[in-house]
Amino acid sequence: MLTYADRGGSLEVITINAVVPGKGVGAALLDAVRAVAVAQGLSRLTLITTNDNTHALRFYQRYGFDLVALHRNAVDRARDLKPDIPAESDGIPIRHELELELLL
């Protein structure tokens, strides 16, 4: 499943979930949302992930996304509003948001 939002000139991927990784489902979902964006005449896809999400970063970059911004300590600030956000994942402190884009 993939959810997205129209951000005026781009589509932002909000969530992407593939039950079984490595089977091409994630790429197929991105292909589908890319087709939606192109059909709407939009210029890019965007998404944000956290610094600990190394598997997703690898996947997105292999798909063609480019890192465009680092939002330092954004997760620390979000944790003030939502204290349930974990402090670390797989031994990596979760602190920053990384913004990626794919130009169409």
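Structure's up top.
Thresholds applied
Residues numbered from 1 in each chain as written. Predicted model: local features only at pLDDT ≥ 70, side-chain atom pairs only at ≥ 80, totals over all residues. Heavy atoms only, no water. Buried < 20%, exposed > 50% of the residue type's maximum accessible area, 1.4 Å probe, protein only. Helix = DSSP H or I, 4+ residues; strand = E, 2+ residues; numbered from the N terminus. Pairing = 2+ DSSP bridges. Axes fitted to C-alpha atoms, helices over the stretch in contact; angles between N-to-C directions. Polar contact = N/O pair within 3.5 Å; in protein donor to acceptor, adjacent residues only side chain to side chain. Expected span 1.5 Å × (residues − 1). Contact = heavy atoms within 4.5 Å. Salt bridge = Lys/Arg side-chain N within 4 Å of Asp/Glu carboxyl O.

**Student:** Talk me through the pairing of strand β7 (residues 97-103); I want residue IDs and the actual numbers.
**Tutor:** The side chains of a regular strand alternate, residue by residue, between the two faces of the sheet. Burial runs high along β7: five of the seven residues are buried. One ladder, built from seven bridges, connects strand β3 (residues 44-50) with β7; its direction is antiparallel. Residue pairing for β7: Thr46 is matched across the bridge by Glu101. The pairing of strand β4 (residues 66-71) with β7 spans five bridges and is classified as antiparallel. Its bridge partner lying in β7, His71 is registered against Glu97.

**Student:** Requested: an account of the sheet that holds β4, with residues and values cited.
**Tutor:** Within the open sheet, the five strands sit side by side as β1-β2-β3-β7-β4. Their pairing is mixed. Since the sheet does not close on itself, it has two edges, and those belong to β1 (2-6) and β4, each with one partner. The average angle at which neighbouring strand axes cross in this sheet is 30°, direction not considered.

**Student:** Break down the side chain of Asn51 for me, citing the residues and quoting the values.
**Tutor:** With respect to the helices, strands and loops of the structure, Asn51 is situated in the loop between β3 and α2 (54-63). A polar atom in the side chain of Asn51 sits 2.8 Å from the backbone oxygen of Pro93. Within polar-contact distance, the side chain of Asn51 engages the backbone nitrogen of Arg95 at 2.9 Å.

**Student:** Explain unusual backbone geometry to me, and be specific about the residues and the numbers.
**Tutor:** Of note, the phi angle at Asn73 is positive, near 60°, even though the residue is not glycine. Relative to the assigned elements, Asn73 resides in the loop between β4 and α3 (74-81). In this model, Asp90 sits at a positive phi of 55°, which is unusual for a non-glycine residue. Inspection of the secondary structure puts Asp90 in the loop between β5 (88-89) and β6 (92-93).

**Student:** Help me get a handle on helix α1 (residues 25-39), residues and values and all.
**Tutor:** Under the 1.5 Å per step criterion, the end-to-end length of α1 is 21 Å for 15 residues, consistent within 8% with the ideal 21 Å. Elements that come into contact with the buried residues of α1 comprise β1, β2 (10-16), β3 and α2. In the stretch just after α1, Gly41 is the one whose phi turns positive, near 75°.

**Student:** Outline the side chain of Glu101, supporting the account with residue identities and numerical values.
**Tutor:** With respect to the secondary-structure elements, Glu101 resides in strand β7. By relative accessible area, Glu101 is classed as buried at 17%. At 2.6 Å, the side chain of Glu101 and the side chain of Arg44 are in polar contact. For Glu101, the residues in contact, after removing those within four places along its chain, are Arg44, Leu45, Thr46, Gly64, Phe65, Asp66 and Val68.

**Student:** Explain the pattern of salt bridges to me, using residue names and the numbers behind them.
**Tutor:** Throughout the structure, instances matching the rule amount to three salt bridges. The partner of Arg7 in a salt bridge is Glu12, with the nearest N and O atoms 2.6 Å apart. Residue classification places Glu12 among the buried positions, given a relative accessible area of 16%. Across the pair Arg44 and Glu101 runs a salt bridge whose closest N-O atoms are separated by 2.6 Å. Linking Arg44 in strand β3 with Glu101 in strand β7, this pair joins segments that are 57 residues apart in sequence.

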